[in-house]
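In case you want the letters, here they are:
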Amino acid sequence: MAGSRALFLAVFVFAIAFKSSMVHANFPKSMYFNWGAHHSSILGNGDDLRLVLDQTSGSGIQSKRAFLFGSIEMLIKLVPGNSAGTVTAYYLSSTGAKHDEIDFEFLGNSTGEPYTVHTNIYTQGQGNREQQFKLWFDPTANYHNYTIHWNPTEIVWYVDSVPIRVFKNYESEGITYPNKQGMRVYSSLWNADNWATRGGLVKIDWTSAPFVANYRRFRARACKWDGPVSITQCALPIQANWWTSPVYQQLSFRQQGQLKWVRDNYMIYNYCTDFKRFNGQMAPECSKPQF
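Predicted, not measured: the structure shown is a model, and the values here were computed from it.

1. Examining the overall build of the protein
Secondary structure summary: the protein contains four helices and 14 strands in total. Here the C-alpha atoms of the protein give a radius of gyration of 20 Å, agreeing with the 19 Å that 2.2 N^0.38 yields for 291 residues. Oriented by its inertia axes, the alpha-carbon framework of the protein measures out at about 75 × 50 × 35 Å. A burial count over the protein gives 51% of its 291 residues as buried. Within the protein, contacts between residues at least 6 apart in sequence are counted, and of these 67% link residues at least 24 apart. Per element, the accessible surface of the protein, about 13600 Å² overall, is 54% carbon and sulfur. Taken as two groups, the 27 positive and 21 negative side-chain charges of the protein have centres that lie 6 Å from each other.

Structure, rendered in structure tokens:
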């Protein structure tokens, strides 16, 4: 009986410790400018931020902490008007040649033409898993929620709570999965007119500068990375690690319907169907269920 009480107490204390790892912080507390700070700004009480691109520089931010598993959310209002050649990037990444990375990139376009949402994932330095989408709304008119949900079972990209892409963990079948490296949160606004709009055919019109992307309410409900010990601790199926709950092991029936709707109506590129690019040697995850 005493042993059971001790075990319960240990689990309880461990859970409390992990609850304290959730990050609900404004921009000054949770992030800093890693370039272009001279013409970007944090506004109001710290819940709003703007990144700027002009002919002198782009700008970027990154989180002070790295995370392993959880939910990373940001409200973003993209560059309006003639944004051709610009890219607003929002992603998670570790460092080094064998880095992991989970990407949202918003590729600007000429006035009146829709943005392209470019998604990708790198595992142990290997990418080439691009999927692209158009949006069903104007992402420059208002703020919209872009969320990366990442747990030991799957990664889901959400737009306004609608899943647009899933990458499941098939590591047991030899497919690499990002579960052993902490990743920081990054966002940037930069000149990518060598590739971003129509493959680089449309260049930035600098007479439209400065280009401004607005951000609001960054939230990381995630497990803080404290080194290799986190590989086990952040994946433990305990209440504090809410992302390990069975409800997050796959999309609900309703969410699967939303995913199908997006992919049937708004997907414009999928590496899993680009047989010419890969000479028919398709990535093994392409033949697996992804929901």
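Picking up where we left off.
2. Things to note about the side chain of His149
Tracing the chain through its elements places His149 in strand β9 (residues 144-150). Accessibility expressed as a relative area gives 6% for His149, which makes it buried. Residues contacting His149, with those up to four places away along its chain left out, are Gly70, Ser71, Glu154, Ile155, Val156, Tyr158, Trp242, Trp243 and Tyr248.

3. Regarding the state of the cysteines
According to the stated counting rule, one finds two disulfides in the structure shown. Shown here is the disulfide that connects Cys223 with Cys234, its sulfur atoms set 2.2 Å apart. Between Cys223 and Cys234, the S-S dihedral sits near -75°, and the bridge is therefore left-handed. Taken together, the residues Cys223 in strand β13 (residues 211-224) and Cys234 in the loop between α3 (229-233) and α4 (253-265) connect sequence positions 11 residues apart. Disulfide pairing places Cys272 opposite Cys286 at an S-S distance of 2.0 Å. Residues Cys272 and Cys286 are joined by a disulfide whose S-S torsion is about -80°; by sign, that bridge is left-handed. Residue Cys272 is found in the segment after β14 (267-270), and its partner Cys286 is found in the segment after β14; the two are separated by 14 residues along the sequence. Among the residues examined, Cys272 registers a relative accessible area of 17% and is labelled buried. Looking at the protein, its bonded cysteines, counted consecutively from the start of the sequence, adopt the pairing 1-2, 3-4.

Reading guide: rules and limits
- Residues numbered from 1 in each chain as written.
- Predicted model: local features only at pLDDT ≥ 70, side-chain atom pairs only at ≥ 80, totals over all residues.
- Heavy atoms only, no water.
- Helix = DSSP H or I, 4+ residues; strand = E, 2+ residues; numbered from the N terminus.
- Rg over C-alpha atoms; globule rule 2.2 N^0.38 Å.
- Buried < 20%, exposed > 50% of the residue type's maximum accessible area, 1.4 Å probe, protein only.
- Contact = heavy atoms within 4.5 Å.
- Areas by Shrake-Rupley, 256 points an atom, 1.4 Å probe, with all protein chains shown as cover.
- Lys, Arg positive; Asp, Glu negative; His and termini not counted.
- Charge placed at Lys NZ, Arg CZ, Asp CG, Glu CD.
- Disulfide = S-S within 2.5 Å.

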